[in-house]
Amino acid sequence: MQSDSMKFGTKAIHAGVEPDPSTGAVMTPIFQTSTYAQSSPGKHKGYEYSRTHNPTRTALQQNLAALENGKHGLVFSSGLAAIDAVIKTLRPGDEVISTNDLYGGSYRIFMRVFANYGIKFHFISMQNPANIEQYVNANTKLIWVETPTNPLMNIIDIKAVAQIAKKAKALLCVDNTFATPYLQNPIDLGADIVMHSVTKYLGGHSDVVMGALVVNSDELHEQLAFLQNACGATPGPQDCFLVLRGIKTLHLRVQRHCENGAVVAKYLSNHPKVGKVYWPGFSDHPNHHVAALQMRDFGGMISFVLKDDSIEAAIQVMEKFKLFTLAESLGGVESLCCHPTSMTHASIPKEEREKAGLKDSLIRLSVGVEDIEDLISDLEQAIG
Ligand SMILES: *Cc1c(COP(=O)(O)O)cnc(C)c1O
């Protein structure tokens with residue numbers, strides 16, 4: 001069966017995965033080899049060296065491409081290595097327009113690494129996509145979007161930004177880490193590149209660090225595959241196997257993340273000690289209608305502030321959690337909480353954080369797939 005005729009759950013389990021031709025092994029083996037025998041110089045079975053190609057990696061790349069409705073997938077040793085490859089397609093003098101509410105590590109590689117190589121970055125609010133047009137000029141080569149944004153859960157209209165990118169002859173890259181391909185497929189909405197921190201929901205078990213890109217264009221794929229091999233930030237076969245295994249339950253996990261997320265978001269919004277709750281599923285979220293159009297559901301990522309808007313009160317709650325482990329990262333089966341200001345977003349200067357509306361007392365939750373009654377009890381005892 002061709003993967004483009006399969007539904008999502010079937011693709012998650014089958015796309016890219018064929019019984020191993022040499023043994024019939026149903027699960028893709030971990031091809032733990034760096035090199036491959038050649039019968040004569042240059043004559044081989046499509047594999048020469050594992051930085052360039054590895055069969056376990058190939059299966060995962062094909063699977064990811066199918067999940068994102070793209071033609072080509074490429075995996076990297078981290079989400080940041082995937083971002084690194086995208087920016088390396090640019091040249092000094094090129095300009096990037098990025099959303100201002102984004103993952104701290106993305107901001108850091110843009111400003112502390114690539115700005116030194118002559119690439120210019122603009123960080124702007126994209127909740128009204130028309131705002132982008134005033135930053136477009138002849139040097140604009142890339143628009144960088146994260147939606148839902150991290151950690152404020154703003155929603156950006158991918159289709160509208162894709163039209164602006166097309167008119168500007170710039171590429172649109174969407175960091176789809178928070179939504180996952182189960183909830184949102186940016187290529188279907190006009191994006192050129194989809195980027196993932198596979199570390200999060202795709203891996204899903206907080207045991208692998210990996211990144212991915214998916215594209216439709218053969219030319220862009222060739223350029224990015226060249227960079228993947230030339231720069232060499234490729235994951236090993238064991239990690240590729242773990243992610244292939246994790247993805248088999250992606251649809252089931254994300255369904256439960258969304259169900260639990262909805263209950264937690266509503267619980268928090270009714271709690272007398274809780275102030276604003278940031279979650280795109282609320283009908284009064286500023287871009288709820290866009291989320292409802294471009295996403296299948298609203299996800300399990302929720303941020304909130306307490307009415308007592310002090311860092312101390314927020315820290316006290318985070319220290320009291322028993323099930324919500326205080327840790328960086330997100331998207332695993334277990335629930336996590338994080339303090340973006342001092343953890344994931346510490347590399348963004350305070351003025352930039354404040355401009356984006358990120359309060360120092362904000363708590364971010366990655367709602368896991370545990371029993372919801374236990375999660376609510378944990379919130380109850382921690383918030384009081
Ligand atoms: C974690 C994360 C990244 C970076 O990915 P790594 O795998 O940690 O390198 C990029 N974007 C988002 C939205 C993330 O959450």
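Scroll up a little and you will see the structure.
The following paragraphs examine the structure supplied in this document. (Residues numbered from 1 in each chain as written. Predicted model: local features only at pLDDT ≥ 70, side-chain atom pairs only at ≥ 80, totals over all residues. Heavy atoms only, no water.)

## A short note on the side chain of R364
The criterion, for reference: Strands here mean DSSP runs of E at least two residues long; helices mean DSSP runs of H or I at least four residues long; both are numbered from the N terminus. For the exposure calls, accessible area comes from a 1.4 Å probe over protein chains only, and a residue counts as buried if that area is under 20% of its type's maximum, exposed if over 50%, partly exposed in between. Charged-residue counts in this description rest on Lys and Arg as positive and Asp and Glu as negative, His and the chain ends being excluded. Just to be clear on terms, a salt bridge is a Lys or Arg side-chain nitrogen sitting within 4 Å of an Asp or Glu carboxyl oxygen. Under this definition, polar contacts are N or O atom pairs within 3.5 Å; protein pairs additionally need one hydrogen-donor-capable and one acceptor-capable atom, and for neighbouring residues in sequence, both atoms have to be side-chain atoms.
If you trace the backbone, R364 turns up in strand β12 (residues 363–366). Here R364 occupies a buried position and makes no salt bridge, while the nearest side chain of opposite charge, E328, is found at 7.2 Å. Separated by 3.3 Å, the side chain of R364 and the backbone oxygen of S329 make a polar contact.

## Side note on the packing of aromatic side chains
Going by this rule: Geometry of aromatic contacts follows a simple scheme: Phe, Tyr and Trp rings, the Trp one being its six-membered ring, pair when their centres are within 6.5 Å, and the pair is stacked under 30 degrees between planes, edge-to-face over 60, tilted otherwise. Here, over-ring charges are defined by two tests on the NZ atom of lysine or the CZ atom of arginine: distance to the ring centre within 6 Å, and angle to the ring normal within 35 degrees.
Evaluation of the coordinates by the stated rule reveals eleven aromatic pairs. On the numbers, 5.4 Å between centres and 40 degrees between planes, the contact of Y36 with Y47 is tilted. With Y36 in the loop between α1 (8–14) and α2 (55–67) and Y47 in the loop between α1 and α2, the pair connects residues that are eleven residues apart, well separated along the chain. Judged by relative accessible area, Y36 falls into the buried class, the value being 16%. Here K200 stacks its cationic end above the ring of Y103, 5.1 Å away from the centre of that ring. The aromatic ring of Y182 is capped on one face by R296, whose charged end is 6.0 Å from the ring centroid.

## Describing the packing of helix α3 (residues 79–87) against helix α4 (residues 104–113)
Operational definition: Only C-alpha atoms enter the line fits that serve as axes; for helices the fit covers just the stretch in contact. Angles between N-to-C directions range over 0 to 180 degrees. For a crossing to be left-handed, the near helix must be turned anticlockwise from the far one by less than a right angle; the clockwise case is right-handed. Any two residues whose heavy atoms approach within 4.5 Å at even a single point are treated as in contact.
Packing of α3 against α4 leaves a shortest axis separation of 11 Å and a crossing angle of 40 degrees. As α3 packs across α4, the resulting crossing turns out to be right-handed. Side by side, α3 and α4 meet where L80, I83, D84 and I87 of the first sit next to G105, S106, R108, I109 and F110 of the second.

## Let's talk about the site of the ligand
Heads up, the rule is: The criterion for a residue being near a molecule or strand is simple. One of its heavy atoms has to lie within 4 Å of it. Residue polarity follows a fixed list, in which Ala, Val, Leu, Ile, Met, Phe, Trp, Tyr, Cys and Pro are nonpolar, Asp, Glu, Lys and Arg are charged, and the others, Gly among them, are polar.
Every one of the 14 residues lining the ligand counts as a neighbour, but G79, D175, S197, T199 and K200 are closest to it. At 2.7 Å from an oxygen atom of the ligand is found a side-chain nitrogen or oxygen belonging to K200. Of the residues belonging to the shell around the ligand, the class tally is five nonpolar, six polar and three charged.

## As for the pattern of salt bridges
Close approach of charged atoms lets side chains of opposite charge pair. Tallied over the entire structure, the rule returns ten salt bridges. A salt bridge links D84 to K88; the nearest nitrogen and oxygen atoms lie 2.6 Å apart. The closest approach of N and O atoms between K359 and D309, which form a salt bridge, is 3.7 Å. Remark: D309 occurs in the loop between β9 (301–306) and α12 (311–320) and K359 occurs in the loop between α13 (350–355) and β12; sequence separation between them is 50 residues. Overall, the relative accessible area of 37% leaves K359 in the partly exposed class.

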